[in-house]
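One letter stands for each residue in the lines below.
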Amino acid sequence: MDPERMMRAQMSRRGFVALTGGLSLSAFLAGCGGGGSGGSSSSSAGVFDAATEAAGPVEIFEWAGYEAKEMWADYLAGPYAKESPLKFTFLSNDQQALAKVAAGYNPDIIHPCVAYTKDWQAADLIQPWDTSLL
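Residues numbered from 1 in each chain as written. Predicted model: local features only at pLDDT ≥ 70, side-chain atom pairs only at ≥ 80, totals over all residues. Heavy atoms only, no water.

Thoughts on the overall build of the protein
Item 1. A count of helices and strands for the protein gives five helices and three strands.
Item 2. Its helices and strands taken in sequence order, the protein reads α-α-β-α-β-α-β-α from the N to the C terminus.
Item 3. A total of 134 residues make up the protein; the buried ones form 27% of that total.
Item 4. Expressed as a percentage of contacts within the protein between residues at least 6 apart in sequence, the contacts between residues at least 24 apart total 65%.
Item 5. Accessible area for the protein stands at about 8700 Å²; split by element, carbon and sulfur atoms hold 57% of it. (Helix = DSSP H or I, 4+ residues; strand = E, 2+ residues; numbered from the N terminus. Buried < 20%, exposed > 50% of the residue type's maximum accessible area, 1.4 Å probe, protein only. Contact = heavy atoms within 4.5 Å. Areas by Shrake-Rupley, 256 points an atom, 1.4 Å probe, with all protein chains shown as cover.)

Remarks on the packing of aromatic side chains
Item 1. Going through the model one piece at a time under the given rule, you end up with three aromatic pairs.
Item 2. Consider the rings of Phe-61 and Tyr-105, whose centres lie 5.1 Å apart with planes at 85°: the pair is edge-to-face. Taken as a pair, Phe-61 in strand E1 (residues 58-62) and Tyr-105 in the loop between helix H4 (94-102) and strand E3 (109-110) lie far apart in primary sequence, 44 residues in all.
Item 3. Taking relative accessible area as the criterion, Phe-61 reaches 0% and is therefore assigned buried.
Item 4. A ring pair is formed by Phe-88 and Phe-90, whose centres lie 6.3 Å apart and whose planes are at 10°; its orientation type is stacked.
Item 5. Feature note: the residues Trp-72, Phe-88 and Phe-90 constitute an aromatic cluster, connected by ring pairs.
Item 6. Across from the ring centre of Tyr-105, 4.8 Å away, lies the NZ or CZ of Lys-100, which sits over that ring. (Phe/Tyr/Trp six-rings, centres within 6.5 Å; stacked < 30°, edge-to-face > 60°. Lys NZ or Arg CZ within 6 Å of the ring centre and 35° of its normal.)

A closer look at unusual backbone geometry
Where the residue is not glycine, phi is negative for most of them; where a peptide bond is considered, it is trans in most cases.
Item 1. One non-glycine residue, Asp-124, lies in positive phi territory at about 60°.
Item 2. Within the secondary structure layout, Asp-124 lies in the segment after helix H5 (117-122).

A closer look at the nonpolar core
Item 1. Counting 10 residues, the largest nonpolar core consists of Phe-61, Trp-63, Tyr-66, Leu-91, Ala-97, Leu-98, Val-101, Tyr-105, Ile-110 and Trp-120.
Item 2. Of the residues forming this core, the biggest block, three residues, is contributed by H4.
Item 3. Residue contacts for Leu-91: discarding those within four places in its chain leaves Phe-61, Glu-62, Trp-63, Gln-96, Ala-97 and His-111. (Core = buried A, V, L, I, M, F, W, Y, C linked by side-chain atoms within 4.5 Å.)

A short note on the sheet that holds E1
Item 1. Strand order in the open sheet formed by three strands is E2-E1-E3, with parallel pairing between adjacent strands. Each edge of the sheet is formed by a strand with only one pairing partner; in this case those strands are strand E2 (86-90) and E3.
Item 2. For E1 and E3, the ladder comprises two bridges, and the chain directions are parallel. Residue pairing in the sheet places Ile-60 in a bridge with Ile-109 of E3.
Item 3. This element, H4, spans E1, E2 and E3 of the sheet and lies at about 145° to E1. (Pairing = 2+ DSSP bridges. Axes fitted to C-alpha atoms, helices over the stretch in contact; angles between N-to-C directions.)

What follows is the structure, given as structure tokens:
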């Protein structure tokens, strides 16, 4: 597809969410697996252990508009919503989001733009998936 045609093409909201879902899950697992300071607790070895994770809000660093209740209906209707409510912080742009996380902000879920994946990787903010946690 030529660049001009790509510029005119529009992605649906569902397509965008599907495309960025993998990166968001990677960022979520990276946030949970760290041993540094932040909202998540971890075992003494620095590895995420769901059994020792304290209840509390699920912090989501997200674009405005993705906090809509219908997008989170399954979670909100599930067993964890009461003890771990969703807490949204909105990012303004990709550079701001990358700088904030690189400076130590440690939310549970991050939704950066897929175009910035290499920047997040270069900043060592993306970790390999530990599929045993899924």
